[in-house]
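Working through the structure, step by step
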Amino acid sequence: QVQLVESGGGLVQAGGSLRLSCAASGRTFSLYAMGWFRQAPGKEREFVAAISWSGGMAYADSVKGRFTMSREKAKNTVTFQINSLKPEDTAVYYCATGANTLVLRSGRADCWGQGTQVTVSS
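Summarised in this report is the structure supplied together with it. Since this is a predicted model, take the numbers as computed values, not measurements.

1. Structural notes on the pattern of salt bridges
- Counting across every chain of the model gives 4 salt bridges.
- With a closest N to O distance of 2.9 Å, Asp89 and Arg38 form a salt bridge. Taken together, the residues Asp89 in the loop between strand E8 (77-82) and strand E9 (91-98) and Arg38 in strand E4 (residues 33-39) connect sequence positions 51 residues apart. There is no split in this pair, since Asp89 and Arg38 are both buried.

2. Some remarks on the sheet that holds strand E3 (residues 18-25)
- Ordered by their spatial adjacency, 4 strands build an open sheet running E1-E3-E8-E7, and the pairing between neighbours is antiparallel. Across the chains shown, the open sheet's two edge strands, defined by having one partner strand only, are strand E1 (3-7) and strand E7 (67-72). Across this sheet, the average inter-strand angle for adjacent strands is 15°, counted without regard to direction.
- As defined by bridge partners, E7 adjoins E8 across 6 bridges and the pair is classed as antiparallel. Within E8, the residue paired with Met69 across the bridge is Phe80.

3. Quick notes on the pairing of E8
- Within E8, 5 of the 6 residues are buried, which leaves it mostly tucked inside the rest of the structure.
- Of the pairings in the sheet, the one linking E3 to E8 comprises 6 bridges and is antiparallel in character. Looking across to E8, one finds that Ser21 is bridged to Thr79.
- Linking E7 to E8, which pair antiparallel, is a turn of 4 residues; within it Asn76 sits at a positive phi near 50°.

What counts as what
- Per chain, the residues get numbers from 1 upward, laid out in the order the sequence is written.
- Selection of residues for local features in this predicted model requires a pLDDT of at least 70, selection of side-chain atom pairs for listing and counting requires 80 or more, and totals for whole chains, interfaces and linings are taken over all residues.
- As a rule here, side-chain values cover all heavy atoms of the structure and leave hydrogens and water aside.
- Only one rule defines a salt bridge in this text: a Lys or Arg side-chain nitrogen within 4 Å of an Asp or Glu carboxyl oxygen.
- Secondary structure elements are defined from DSSP: runs of H or I of at least 4 residues count as helices, runs of E of at least 2 residues count as strands, and each element is numbered from the N terminus.
- The buried label applies to any residue whose accessible area, calculated with a 1.4 Å probe on protein chains only, is under 20% of its type's maximum; exposed applies above 50%, and partly exposed to all values in between.
- Following DSSP output, two strands are said to pair if at least two bridges run between them.
- Where helices are involved, their axes are fitted lines through C-alpha atoms of the stretch in contact, as for all axes, and angles between N-to-C directions lie from 0 to 180°.

Written out as structure tokens, the structure reads:
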């Protein structure tokens, strides 16, 4: 059974930073793309970032320059350093896997984590 477990969310003031992690188990994740999505209250879930098995990156325009995703294949873990946080970044952040970054960018994921809450106060 594939499992993705996120951690690292919390409450932070505007301008602050958080480091999210996603631990994967159940298959060889080094061969798949992994991504982060978020869903704010009353809004649809949206793509935030993705990293391919070879290290290629994709970011939503709203987070470019502020958020950085990295991957440790040996540990089946991805981390998400989110800086210069804004109140509009408040959302539940989800980790996901997919065939490649383009597939993830379109919102089609094979597996989802349970999500971790990020709240940014103004």
